[in-house]
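Each chain, letter by letter, is given below.
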Amino acid sequence: SSWLVLASCASQRDALDLAHNAKLYRTPRYQARLPVDRAVFVAPIADERDKRAADAAAPMWPRRPMADELWDRSIPEMLDDVLRDALRDSGVVARIDDTVPPADATLLVTPRLHDLRGYLEEQPAGRCTLATLSLQIVVLGPADAAGVRQALLDRTYDQSIGTQVSRVPMPVPELYGR
């Protein structure tokens, strides 16, 4: 299949890895304007994709999904690196602290992956590629005297993107960085 060709042609420079291939994804160039003094603990990404209900409506055209196994590493592992790089490079945190359990003053970042799928869709005039991503980020503040942490942020980032119909559409992994 075309996915196997794509995976077998990937060199180290063109790895199928969102964290290690700038053609697939680049860390946003956002820079915090003010210096911060807070450390964060980034929990492992909770992969909740299997818990989501399947699409209620069948797609209009046949779709062939991209298998997770074609990526060079697991999706949660790649997204963990992407998230850590974005936090580190943007300056929105002073440092990432991997101490377990995290100190009371350390903010807790708990990411949850709700969806990440890629498809090659067959249409009468050709093919197109489609990709979806849904990632929830919850940031809990410092612990109070009772050890309770208040939610500072609870936001889900959703993105769906697709290409125009063509005889040779863009590979699915390249859609995630757009």
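How each quantity is defined
Residues numbered from 1 in each chain as written. Predicted model: local features only at pLDDT ≥ 70, side-chain atom pairs only at ≥ 80, totals over all residues. Heavy atoms only, no water. Core = buried A, V, L, I, M, F, W, Y, C linked by side-chain atoms within 4.5 Å. Buried < 20%, exposed > 50% of the residue type's maximum accessible area, 1.4 Å probe, protein only. Helix = DSSP H or I, 4+ residues; strand = E, 2+ residues; numbered from the N terminus. Contact = heavy atoms within 4.5 Å. Pairing = 2+ DSSP bridges. Expected span 1.5 Å × (residues − 1). Salt bridge = Lys/Arg side-chain N within 4 Å of Asp/Glu carboxyl O. Polar contact = N/O pair within 3.5 Å; in protein donor to acceptor, adjacent residues only side chain to side chain. pLDDT = per-residue confidence, 0-100.

## Side note on the nonpolar core
Reasoning step 1: The biggest cluster of nonpolar side chains holds 29 residues, and the ones touching the most others in it are Leu 18, Val 40 and Trp 71.
Reasoning step 2: Counting residues per element, this core draws most heavily on helix α2 (residues 75-90), which supplies six residues.
Reasoning step 3: When residues no more than four places from it in sequence are discounted, the contact partners of Leu 18 are Leu 24, Tyr 25, Trp 71, Met 78, Leu 79, Val 82, Pro 173 and Tyr 176.

## Quick look at the pairing of strand β6 (residues 126-143)
Reasoning step 1: Here β6 lies mainly inside the structure; 14 of its 18 residues are buried.
Reasoning step 2: Here strand β5 (residues 107-123) pairs with β6 via 15 bridges, running antiparallel. Bridging from a neighbouring strand, Gly 118 pairs with Ala 131 of β6.
Reasoning step 3: In textbook terms, the turn of a hairpin is the stretch between consecutive antiparallel strands, and for β5 and β6 this stretch comprises two residues.
Reasoning step 4: Bridge count between β6 and strand β7 (residues 149-162): 12 bridges; the pairing is antiparallel. Opposite Thr 132, over in β7, you have Ser 160 as the bridge partner.
Reasoning step 5: Between β6 and β7, which pair antiparallel one after the other, the connecting turn spans five residues, and Gly 147 there sits at a positive phi close to 85°.

## Quick word on α2
Reasoning step 1: Over its 16 residues, α2 runs 22 Å from end to end, which matches the ideal 22 Å to within 8%, given 1.5 Å per residue.
Reasoning step 2: Listed as buried for α2 are Ile 75, Pro 76, Met 78, Leu 79, Asp 80, Val 82, Leu 83, Arg 84, Leu 87 and Ser 90.
Reasoning step 3: In this structure, the buried residues of α2 make contact with β1 (39-42), β2 (46-47), β4 (95-96), β5 and β6.
Reasoning step 4: Phi turns positive, to about 80°, at Gly 91, one or two residues after α2.

## Some thoughts on the environment of Gly 162
Reasoning step 1: Along the chain, the position of Gly 162 falls in strand β7.
Reasoning step 2: When the C-alpha positions of Gly 162 and Cys 128 are compared, they lie 6.9 Å apart, and in sequence the two are 34 residues distant.
Reasoning step 3: If sequence neighbours within four positions are ignored, Gly 162 has contacts with Thr 129, Leu 130 and Leu 175.

## Regarding the pattern of salt bridges
Reasoning step 1: Following the criterion strictly, the structure yields 13 salt bridges and no others.
Reasoning step 2: Between Glu 122 and Arg 64 there is a salt bridge, with the nearest N and O atoms lying 3.3 Å from each other. Here Arg 64 lies in strand β3 (residues 63-65) and Glu 122 lies in strand β5, a separation of 58 residues in the sequence.
Reasoning step 3: For Glu 77, the salt bridge identified is with Arg 73, shortest N-O distance 3.6 Å.
Reasoning step 4: Taking relative accessible area as the criterion, Arg 73 reaches 18% and is therefore assigned buried.
Reasoning step 5: One network of salt bridges, with partners in common, ties together Asp 17, Arg 73, Glu 77 and Asp 81.

## Section: the side chain of Ser 90
Reasoning step 1: Structurally, Ser 90 is set in helix α2.
Reasoning step 2: Since its relative accessible area comes to 7%, Ser 90 is described here as buried.
Reasoning step 3: One polar contact links the side chain of Ser 90 to the main-chain amide nitrogen of Val 92, over a distance of 3.3 Å.

## Re the confidence of the model for the protein
Reasoning step 1: Residues of the protein with pLDDT of at least 70 account for 87%, and the chain-wide mean is 83.
Reasoning step 2: When mean pLDDT is compared element by element in the protein, β1 scores highest at 95, while helix α1 (residues 2-9) scores lowest at 43.
Reasoning step 3: Residue range residues 1-13 is modelled with pLDDT below 50. Its contacts to residues more than four positions away, or to other chains, number 18 contacts.

## Side note on the side chain of Arg 73
Reasoning step 1: Position of Arg 73 relative to the elements: it lies in the loop between β3 and α2.
Reasoning step 2: Reaching out from Arg 73, the side chain makes a polar contact with the side chain of Asp 81 at a distance of 2.8 Å.
Reasoning step 3: The residues contacting Arg 73, other than those within four sequence positions of it, are Asp 17, Ala 19, His 20, Met 78 and Asp 81.

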